[in-house]
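Per-entry structural report
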Amino acid sequence: MPKVYITDTILRDAHQSQAATRMRTEEMLPACEYLDKAGFYSLECWGGATFDSCLRFLNEDPWERLRMLRKALPNTKLQMLLRGQNILGYKHYADDMVEAFAKKSIDNGIDIIRTFDALNDLRNMRTAVKATKQYGGIAEVAMSYTMSPVHTEEYFVQLAKRIEDMGADVICIKDMANLLLPYQAYSLVKKLKAATKLPIHVHTHNTTGTGDMTYLKAIEAGADIVDTALSPLANGTSQPATEALVATLNNTQFSTGIDLNMLSKAAEHFREVAKRLTEDNFLDPRVLGVDVNTLLYQVPGGMLSNLISQLKQANAADKFYDVLAEVPRVREDFGYPPLVTPTSQIVGSQAVMNVLGGERYKMVTKESKGLMMGEYGQLPAPVNEEVRKKIIGDAKVITHRPADDISPEMDKYRTEIKDWMEQEEDVLSYALFPQVAMKFFEYRRAKEQGLIMPKIDIKVIE
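Residues numbered from 1 in each chain as written. Predicted model: local features only at pLDDT ≥ 70, side-chain atom pairs only at ≥ 80, totals over all residues. Heavy atoms only, no water.

**So, the overall build of the chain**
Applicable threshold: The numbering of helices and of strands both runs from the N terminus, where a helix is a DSSP run of H or I of at least 4 residues and a strand a run of E of at least 2. Throughout, radius of gyration means the C-alpha value; the globule benchmark is 2.2 Å times the number of residues raised to the power 0.38. Only heavy atoms matter for contacts: two residues are in contact if any of them lie within 4.5 Å across the pair. Here the Shrake-Rupley method, with its probe set to 1.4 Å, supplies the accessible areas, and only the displayed protein chains count as covering residues. In this tally, Lys and Arg are treated as positive and Asp and Glu as negative; His is ignored, and so are the chain termini. Think of each charge as sitting on NZ of Lys, CZ of Arg, CG of Asp or CD of Glu.
Counting its regular elements, the chain contains 21 helices and 8 strands. Since a compact globule built from 462 residues should have a radius of gyration of about 23 Å, the 21 Å found for the chain is in line with a globular shape. When its C-alpha atoms are laid out on the principal axes, the chain stretches across 60 × 60 × 45 Å. Within the chain, counting contacts between residues at least 6 apart in sequence, those at least 24 apart form 76% of the total. Within the structure as shown, the chain displays about 19,100 Å² of accessible surface, and the carbon and sulfur contribution to it stands at 52%. Distance from the positive charge centre (55 side chains) to the negative charge centre (62 side chains) of the chain: 1 Å.

**Let's talk about the packing of helix α4 (residues 50-57) against helix α5 (residues 62-72)**
Describing two packed helices takes the angle between their axes plus the distance from one axis to the other. Keep this limit in mind: Working convention: axes come from line fits to C-alpha atoms, limited for helices to the stretch in contact. Angles between N-to-C directions cover 0 to 180 degrees. Residues are grouped as follows: nonpolar covers Ala, Val, Leu, Ile, Met, Phe, Trp, Tyr, Cys and Pro; charged covers Asp, Glu, Lys and Arg; every other residue, Gly included, is treated as polar.
Interaxial distance between α4 and α5 falls to 9 Å at its minimum, and their mutual angle equals 115 degrees. Residue-level inspection shows Thr-50, Phe-51, Cys-54 and Leu-55 of α4 in contact with α5, the latter providing Pro-62, Trp-63 and Arg-65. For the contact of α4 with α5, the class distribution of residues is 5 nonpolar, 1 polar and 1 charged.

**Re the nonpolar core**
Formally: The criterion is simple. A nonpolar core is a set of buried Ala, Val, Leu, Ile, Met, Phe, Trp, Tyr and Cys residues joined through side-chain atoms within 4.5 Å. Three exposure classes are used, based on accessible area relative to the maximum for each residue type with a 1.4 Å probe and protein chains only: buried under 20%, partly exposed in between, and exposed over 50%.
In terms of nonpolar packing, the biggest core is built from 105 residues, with Leu-35, Phe-101 and Ile-173 touching the most fellow members. Ignoring anything within four residues of it in the chain, the contact list for Ile-173 reads Met-143, Tyr-145, Leu-180, Leu-188, Val-189, Leu-192, Ile-200, His-201, Val-202 and His-203.

It is worth stressing that arrangement in space is one thing and function is another; only the former is reported here.
Set out below in structure tokens:
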């Protein structure tokens, strides 16, 4: 048996992190034979932004992608990323939606559902975890890793114990911004292994260039599984390279048992895919560089590019470093949320407004109001009450689980799309992305009727 298991992200996080999630299903299938024989613990292939991207940019049904991958990968566990009560959208949905989504994901081929919440509020993950287990899936619960006065080692150890008590099968350290440094990883994994009986899965990126070392130290401390990406779409804002780690661990006590020949054949295929993504301007060479600003400002790579584009639109690119310096201040005012979807967008947009508005919190987004109102869940630390008053006035703050206020929704959505529905899964697609899904349903029907469709240019990024 291998001593360390590997989850490869080439089919999901790798192209999401480097190439705006634009890999097509037809570009995945030819390599599946090699991926399936390699000996991975799992392949992360669905969830995250792939669902939106399939419908919005690629004219693909994400459910059909999953079914095709399941058929092409009969011997490997398939894994997805779920945002807890947000599912794959950007707001909270009713419990019946979360339950239906977990069931349909497992029915169509998912084995492992990795659930996370941007605030590490376990109330926002409970329904997803319960449904995953009810329908026969493996419930992996992620702790969004960050650094702040409240996010100490002890915080994560206590959180892990609560995750174990909640019924999780695996605990994941989700280090989305590559802030977890090697020796910190060693110490944290050691303490988690002592505090819980569950396998520890470590996920990081290589934005700051420390990812490989972080994995090595985590493995030495007893990490059971790590996430890597095949080399054509590895490193930079993606995960460390699979081949390098497998070769490093071969013939040691941590050997993975993964077949390097199969990796080589799969990588050969994905090099051509990466070439296409580069030619279509989705794969920017800048995402491959090492950026130490991540450690200084704790801003994930994807958030950096969002800030740059927001400032360019406002003809204020020269304010970039002012905004970067404002991000940690906003984060402190907001109770130190980890910077991951959707909190990274909320904090980043507010930092831009604070700098461009000339007065802090003179203008605020509705999402900033929602965060301060408790609509996203419980913030990790007390907020700046002066700032909260400026943003929401005397409005009452929610202290209960936000989804408790949402009535069942599935029947309503089913009625709304009854004329377009071809499968139960369509209800979920529509509920998550109403306008985008409707456009896709229209395209699908026209295609089925043999109508000639204008060629879709997926180079256009909205």
